[in-house]
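Spelled out from the first residue to the last, the chains are:
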Amino acid sequence: MIHLVGIGNPPLATLDSLSVRIARAFRESCHVRPESIDPGFAFDPVRGQYHATSLLRLLSEKAGDTRLVGVATVDLYVPIFTFVFGEAQLGGPAALISTFRLRQEYYGLPPDPDLLLERIAKEAMHELGHTHGLRHCHDWSCPMASTTAIERLDLKGQRFCETCRGKIAAAP
Ligand SMILES: [Zn+2]
Ligand SMILES: [Zn+2]
């Protein structure tokens, strides 16, 4: 079973729509947890961002017997990168995504709720794929392709390629 939990204050409607898309993509039930996580402990005042790995560790403690995906509204980093769209434990129980740089407003453009939800779904599918033991895919249209820029994320489709779909089905 997959659970979603808000980190910061993502709108409940966003989490609900995401849970429907995830359940469809992974053929598993997906529920939104009623609580939310305060990311304050992971804040780095020098960078003005939140440490992804610290949040991921907390999610992993809270996962129990679920796969737990944290959906954060704050900007995430790991020390070697300027930012990350998300992070996950390969074959582990926890995954994390940030909606911060998925918003058109971040790039000085008018808000686009449909595009935002599409990006959130692709990013969540990508990180959840890692929890199923999948590594990056060479098919640029597959959600498991590596993404370091928003333009690349928009090029991806919303369905896993056949190879990745097979690996997900075979994952424990
Ligand atoms: Zn990845
Ligand atoms: Zn693939």
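Structural data are supplied above this passage.
The structure presented is a predicted model; accordingly, all values stated were derived computationally and were not measured. (Residues numbered from 1 in each chain as written. Chains lettered and ligands numbered in written order. Predicted model: local features only at pLDDT ≥ 70, side-chain atom pairs only at ≥ 80, totals over all residues.)

**What to know about the overall build of the protein chain**
Part 1 of the argument: A count of helices and strands for the protein chain gives 5 helices and 8 strands.
Part 2 of the argument: Ordered by position in the sequence, the α and β elements of the protein chain form the string β-α-β-β-β-α-β-β-β-β-α-α-α.
Part 3 of the argument: Compactness check: the protein chain gives a C-alpha radius of gyration of 15 Å against a globular reference of 16 Å for 172 residues, within 12% of the reference.
Part 4 of the argument: Within the span of the protein chain, comprising 172 residues, buried residues form 38% of the whole. (Helix = DSSP H or I, 4+ residues; strand = E, 2+ residues; numbered from the N terminus. Rg over C-alpha atoms; globule rule 2.2 N^0.38 Å. Buried ≥ 20, exposed ≤ 12 C-beta atoms within 10 Å, placed from the backbone.)

**Some details on the nonpolar core**
Part 1 of the argument: Residues Leu55, Val69, Leu96 and Ala124 are the most contacted members of the largest nonpolar core, which totals 43 residues.
Part 2 of the argument: For this core, the secondary-structure elements that each account for two or more residues are strand E1 (2-7), helix H1 (12-26), helix H2 (52-62), strand E5 (67-72), strand E6 (76-77), strand E8 (94-98), helix H3 (113-131) and helix H5 (162-170).
Part 3 of the argument: In contact with leucine 55, other than residues within four places in its own chain, are Ile7, Pro39, Ala42, Tyr50, Gly70, Ala72 and Leu96. (Core = buried A, V, L, I, M, F, W, Y, C linked by C-beta atoms within 7 Å. Contact = placed C-beta atoms within 7 Å.)

**Concerning unusual backbone geometry**
Part 1 of the argument: A positive phi is found at arginine 27, a non-glycine position, where the angle reads about 50°.
Part 2 of the argument: Mapped onto the elements of the fold, arginine 27 is located in the loop between H1 and strand E2 (30-37).
Part 3 of the argument: With 9 C-beta atoms counted inside 10 Å, the residue arginine 27 sits in the exposed group.

**Considerations on the pairing of E1**
Part 1 of the argument: For E1, a buried count of 6 out of 6 residues is recorded, marking the element as mostly surrounded by other parts of the structure.
Part 2 of the argument: Where burial is concerned, the two faces of E1 agree: the one with Ile2, Leu4 and Gly6 and the one with His3, Val5 and Ile7 are both buried.
Part 3 of the argument: Where the polypeptide runs from E1 across H1 and back to E2, its parallel neighbour, the crossover connection is right-handed.
Part 4 of the argument: Bridge analysis of E1 against E5 gives 6 bridges, and the strand direction is parallel. Residue leucine 4 lies in a different strand from E5, and its bridge partner there is valine 69. (Right-handed = clockwise from strand over helix to strand, strands pointing away. Pairing = 2+ DSSP bridges.)

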